[in-house]
Amino acid sequence: MLCEKCHEREATIFYTEIINGVKNEHSLCSECAKDMEFVDELPFAELLAGILGAYAVESEKKEDTMEQVVCPTCKLSYRDFISQGVLGCEDCYNVFEPLIEGNIKKIQGNNIHTGKKPLYNNMTMAKPQAEYSIIEEIQILKEKLNEALREEDYEEAASLRDEIRALRERDGIDA
Amino acid sequence: MLKWYEETGDNEDIVISSRVRLARNLSKYPFPVRLSKEQARELIEELKAKLAGLDEEEGRSYHYLSMDSISDTDKVALTERHLVSEALITKQGPAAAMVSEDESVSILLNEEDHLRIQAFAGGMNLDKAWKLADKLDNAINKCFPYAYHEKLGYLTSFPTNVGTGLRVSFMLHLPAIAGTKRLAGIASDIGRFGVSIRGSGAGNLYQIYNQKTLGQTEQEIMQNLTTIAYQIIKQERKLRKKITQENLVGIEDTVFRSYGILKYCKTLEIEEGMNLLSDIQFGLSGGFLKFEGQGKKSVYPLMMGIQPAHLQRLAGKPLDKVKRDRCRADYIREHLPELII
Ligand SMILES: [Zn+2]
Ligand SMILES: [Zn+2]
């Protein structure tokens, strides 16, 4: 089979990419695969056969150790996640967070939720969600602030900085 | 109560419907993919019992449909009306749906996530659909704590839905854009703004929807989609005007011929039926063609009515293709309104 990109060389790397349950099969030659920084970066791509070069071998080794990680709550392994693109329970997000954070950012372009929050949470059924502690709240705002700075959204950054300052003052924490 | 597609809405010459979908999971169960059959059954029973109280909300009544206990034809018919998804009806293991009488709300139980809350409004009216879904979301949340992460937001089976869990879409009728081969260009233009487009079969019907669910508020996501929709609507209107100005006689002739075929054919394939109805819709919006009678003038209910499972339900038995095409022609003849000439 010829490489899907250059249509010249024989394809030696085959992989399946699953995004939201949609399967895409790809075949590439070694040259094109290198160019596309695919091998260890593509979200949820399972390398079926990587035959070439130190690069591929190294990334395979890395995959191997990552695949050992298993969610204690639902027993989903990172390998299962990679091959199906689906997580098994809410705890998976914490267990695999360091592994999937980059993927989430790549798919979503962002990794901080800014929308609606549940009115009612765990433990406290039918009771409005306990507010975050001020420390937690400040921590979250700080992350958002860093994010805004990275995105060079200075207007947003300024308003976040003000919010953090206000919280600290309210709580008597030194600014 | 009128069905959503009988109500009038903004820009309904082009926008058929607005849809909002929220993905939610309960905190105490694993996600559907890791649920055992027993757990799945327990989950559905618990949801069903607690959600029974939704009946009283705003006088909207719900039908509870267990996927084990309805026929395959009924399942497919529900997908033809966009009330449930393909994923729900093909699901291995327990799954169910609650569908409101007016078809403006459907709640899918144990599909890809524990809950998919969907709300529809006719025309361009995301706000109305959002208010329905948001309210329902809060009412359900009152009974069940959700899987939620302080940083990542609402947690979903697929990371492509995480954050808001919100997918919003418009169904658009785009005969002029499609007819002048401009879809590919539009798809790549809107892709840069995080919006995708996909065709929903024949009849020049297309859905546009947000790709990303994390990092923007619900209002921002809806605003972004609405802005893009306005751009597409503007283009479609401009092209319609141009086509009509260039060849009014030809366009009128096409629209009336399509009406003639629909009214007098004896057998009709689905694709031809959808495309002829698309011509009629074009004629209605442009004012070349006027239906007799009161109420909203749209062929969308006919487009649903001629889908295969709808015809089989009407016949009360399975139909082979020849019989189906025959029934489709009969159905249209009977339901296509007379013209004011
Ligand atoms: Zn190549
Ligand atoms: Zn898990």
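The rules behind the values
- The written sequence of each chain sets the order in which its residues are numbered from 1.
- Chains carry letters and ligands carry numbers; both start at the beginning, A for chains and 1 for ligands, and go up in the order they are written.
- A pLDDT threshold of at least 70 governs which residues receive local features in this predicted model, and a stricter bar of 80 or more applies before side-chain atom pairs are shown or counted, although totals over entire chains, interfaces and linings include all residues.
- Working from all heavy atoms in the structure, the side-chain values ignore hydrogens and water.
- Segments assigned H or I by DSSP are reported as helices when at least four residues long, segments assigned E as strands when at least two residues long, and all are numbered from the N terminus.
- Relative accessible area decides the class of each residue, using a 1.4 Å probe on protein chains only: under 20% of the type maximum gives buried, over 50% gives exposed, and in between gives partly exposed.
- Contact definition: two residues touch when any of their heavy atoms are within 4.5 Å.
- pLDDT expresses how confident the predictor is about each individual residue, on a scale running from 0 to 100.
- Summed over both partners, the accessible area lost on bringing two parts together, with a 1.4 Å probe, is the buried area.
- Any Lys or Arg side-chain nitrogen found within 4 Å of a carboxyl oxygen on Asp or Glu counts as a salt bridge.
- For the purposes of these results, a polar contact is taken to be a pair of N or O atoms within 3.5 Å, where, inside protein, one atom must be able to donate a hydrogen and its partner to accept one; residues adjacent in sequence count only when each atom of the pair is a side-chain atom.
- By convention a nonpolar core is built from buried Ala, Val, Leu, Ile, Met, Phe, Trp, Tyr and Cys residues, the set being connected through side-chain atoms within 4.5 Å.
- A 2.8 Å cut-off from the metal defines N, O and S donors, relaxed to 3.2 Å for Na, K and Ca; water is not in the atom list, so some sites may appear incomplete.
- Key to geometry: four donors with every angle between 85 and 135 degrees are tetrahedral; four donors are square planar and six octahedral where opposite donors lie over 155 degrees apart and all remaining angles lie between 65 and 115; all other sites are irregular.
- Patch definition: residues above 30% relative accessible area lacking any salt bridge, with like charges linked at up to 9 Å and the nonpolar side chains Val, Leu, Ile, Met, Phe, Trp and Tyr linked at up to 5 Å.
- Per-residue and other accessible areas were derived by the Shrake-Rupley procedure at a 1.4 Å probe size, with only the shown protein chains allowed to occlude residues.
- Asp and Glu are treated as the negative residues and Lys and Arg as the positive ones, with His and the ends of the chain left uncounted.
- By convention, charge coordinates are those of NZ in Lys, CZ in Arg, CG in Asp, or CD in Glu.
- Following DSSP output, two strands are said to pair if at least two bridges run between them.
- Axis lines are fitted through C-alpha atoms, for helices just across the contact stretch, and the angle between N-to-C directions can take any value from 0 to 180 degrees.

Colleague: So what about the overall build of chain B? Which residues, and what values?
Modeller: Counting its regular elements, chain B contains 12 helices and 10 strands. Across its three principal directions, the C-alpha atoms of chain B cover 65 × 45 × 35 Å. Buried positions account for 57% of the 341 residues belonging to chain B. Of the contacts made within chain B by residues no fewer than 6 positions apart, 70% connect residues no fewer than 24 positions apart.

Colleague: Provide a residue-level description of the confidence of the model for chain A, including the pertinent values.
Modeller: Residues and elements named next belong to chain A. Per-residue pLDDT for chain A averages 70, and the proportion of residues at 70 or more is 62%. Looking over chain A, one finds the lowest element-wise mean pLDDT in strand β3 (residues 45-49), namely 36, and the highest in helix α4 (residues 90-95), namely 93. Confidence drops under pLDDT 50 across residues 37-58; counting only partners more than four residues distant or on other chains, this segment forms 52 contacts. Throughout residues 123-131 the model reports pLDDT below 50, and contacts reaching past four residues in sequence, or to other chains, amount to 16 contacts.

Colleague: Describe the interface of chain B and chain A, listing the residues and the values that go with them.
Modeller: Tallying the contact residues gives 43 residues for chain B and 43 residues for chain A. Taking both sides of the interface into account, the surface hidden between chain B and chain A amounts to around 3700 Å²; carbon and sulfur atoms contribute 55%. When the buried area of chain B at its contact with chain A is split by residue, B:Arg34, B:Lys151 and B:Pro159 rank highest and sum to 19% of it. At the junction of chain B and chain A, the tally comes to four salt bridges. The partner of B:Asp137 in a salt bridge is A:Lys116, with the nearest N and O atoms 2.7 Å apart. The tally of links from chain B across to chain A stands at 20 residue pairs in polar contact (both at pLDDT 80 or more). Secondary-structure elements contributing two or more residues to the side of chain B that touches chain A are α4 (126-143), β6 (148-149) and β7 (153-154) of chain B.

Colleague: Pulling in residues and values, what's your account of the nonpolar core?
Modeller: All names here are of chain B. Counting residues in hydrophobic clusters, the biggest one holds 60 residues, and the most contacted among them are Ile 107, Ile 140, Phe 170, Ile 208 and Ile 232. It is α4 that provides the largest number of residues to this core, a total of nine residues. Aside from chain neighbours lying at most four places away, what touches Ile 208 is Val 168, Ser 169, Phe 170, Leu 172, Ile 190, Val 195, Ser 196, Ile 197, Leu 225, Ala 229 and Ile 232.

Colleague: Describe the pattern of salt bridges, naming the residues involved and giving the relevant values.
Modeller: All names here are of chain B. Per the counting criterion, the structure on display carries 27 salt bridges over all chains. With a closest N to O distance of 3.2 Å, Asp 102 and Arg 60 form a salt bridge. In this pair, Asp 102 sits in the loop between β3 (96-100) and β4 (105-109) while Arg 60 sits in the loop between α1 (37-51) and β2 (62-66), placing the two residues 42 residues apart along the sequence. Here Asp 253 and Arg 257 are joined by a salt bridge, their closest N and O atoms 2.7 Å apart. One end of the pair is Asp 253 and the other is Arg 257, both in helix α8 (residues 248-264) and four residues apart, which spans about a single turn.

Colleague: So, the coordination of the zinc ion (ligand 2): which residues are in play, and what are the values?
Modeller: Tetrahedral coordination by four donors sets the ideal angle at the metal to 109.5 degrees; octahedral coordination by six donors sets it to 90 or 180 degrees. Residues and elements named next belong to chain A. In this structure, Cys 71 (SG), Cys 74 (SG), Cys 89 (SG) and Cys 92 (SG) serve as the protein donors to the zinc ion (ligand 2), at separations of 2.3 to 2.4 Å. For the zinc ion (ligand 2), the four donor atoms are set out with angles of 97 to 121° between them, so the coordination reads as tetrahedral. Along the chain, the residues donating to the zinc ion (ligand 2) fall in the pattern C-x2-C-x14-C-x2-C. Exposure remark for Cys 74: the relative accessible area of 10% places this residue in the buried category.

Colleague: Account for a negative patch on the surface, naming residues and giving values.
Modeller: A contiguous patch of negative charge on the surface is contributed by A:Glu151, A:Glu152, A:Asp153, A:Glu155, A:Glu156, A:Glu163 and B:Glu220. It is helix α7 (residues 154-171) of chain A that contributes the most residues to the negative patch, three residues altogether. Overall, A:Glu155 belongs to the exposed group, its relative accessible area being 71%.

Colleague: Please give an account of the sheet that holds strand β1 (residues 15-24) of chain B that cites residues and values.
Modeller: Residues and elements named next belong to chain B. The strand order β2-β3-β4-β5-β1-β8-β10-β9 describes an open sheet built from eight strands, whose pairing is antiparallel. Here the strands that pair on one side only, and so sit at the sheet edges, are β2 and β9 (195-199). Ignoring strand direction, the axes of neighbouring strands in this sheet form an average angle of 20°. In terms of strand pairing, β1 meets strand β5 (residues 115-122) through eight bridges, oriented antiparallel. Paired with Arg 21 across the strands is Gln 118, a residue of β5. Packed on one face of the sheet, α4 meets β1, β2, β4, β5 and β8 (166-173) and runs near 150° to β5. Each of β1, β8, β9 and β10 (205-210) is contacted by helix α7 (residues 218-246), which is oriented at about 10° to β8, the strand it contacts most.

Colleague: Lay out the environment of B:Asp113 in plain terms, naming residues and giving numbers.
Modeller: Residue and element names in this part refer to chain B. Inspection of the secondary structure puts Asp 113 in the loop between β4 and β5. Given the relative accessible area of 0%, Asp 113 is considered buried. Counting along the chain gives 190 residues from Asp 113 to Met 303, while the straight-line C-alpha distance between them is 30 Å. If we ignore the near neighbours within four places in the chain, the residues touching Asp 113 are Ala 23, Arg 24, Asn 25, Pro 32, Thr 156, Ser 157 and Asn 161.

Colleague: If you had to explain the pairing of β1(B) to someone new, which residues and values would you point to?
Modeller: Residue and element names in this part refer to chain B. Counting buried positions over the 10 residues of β1 gives 10, a clear majority of the element. Two strands pair when backbone bridges link them, and β1 and β8 are joined in this way by seven bridges, in the antiparallel orientation. Along β8, the bridge assignment pairs Leu 22 with Leu 166.

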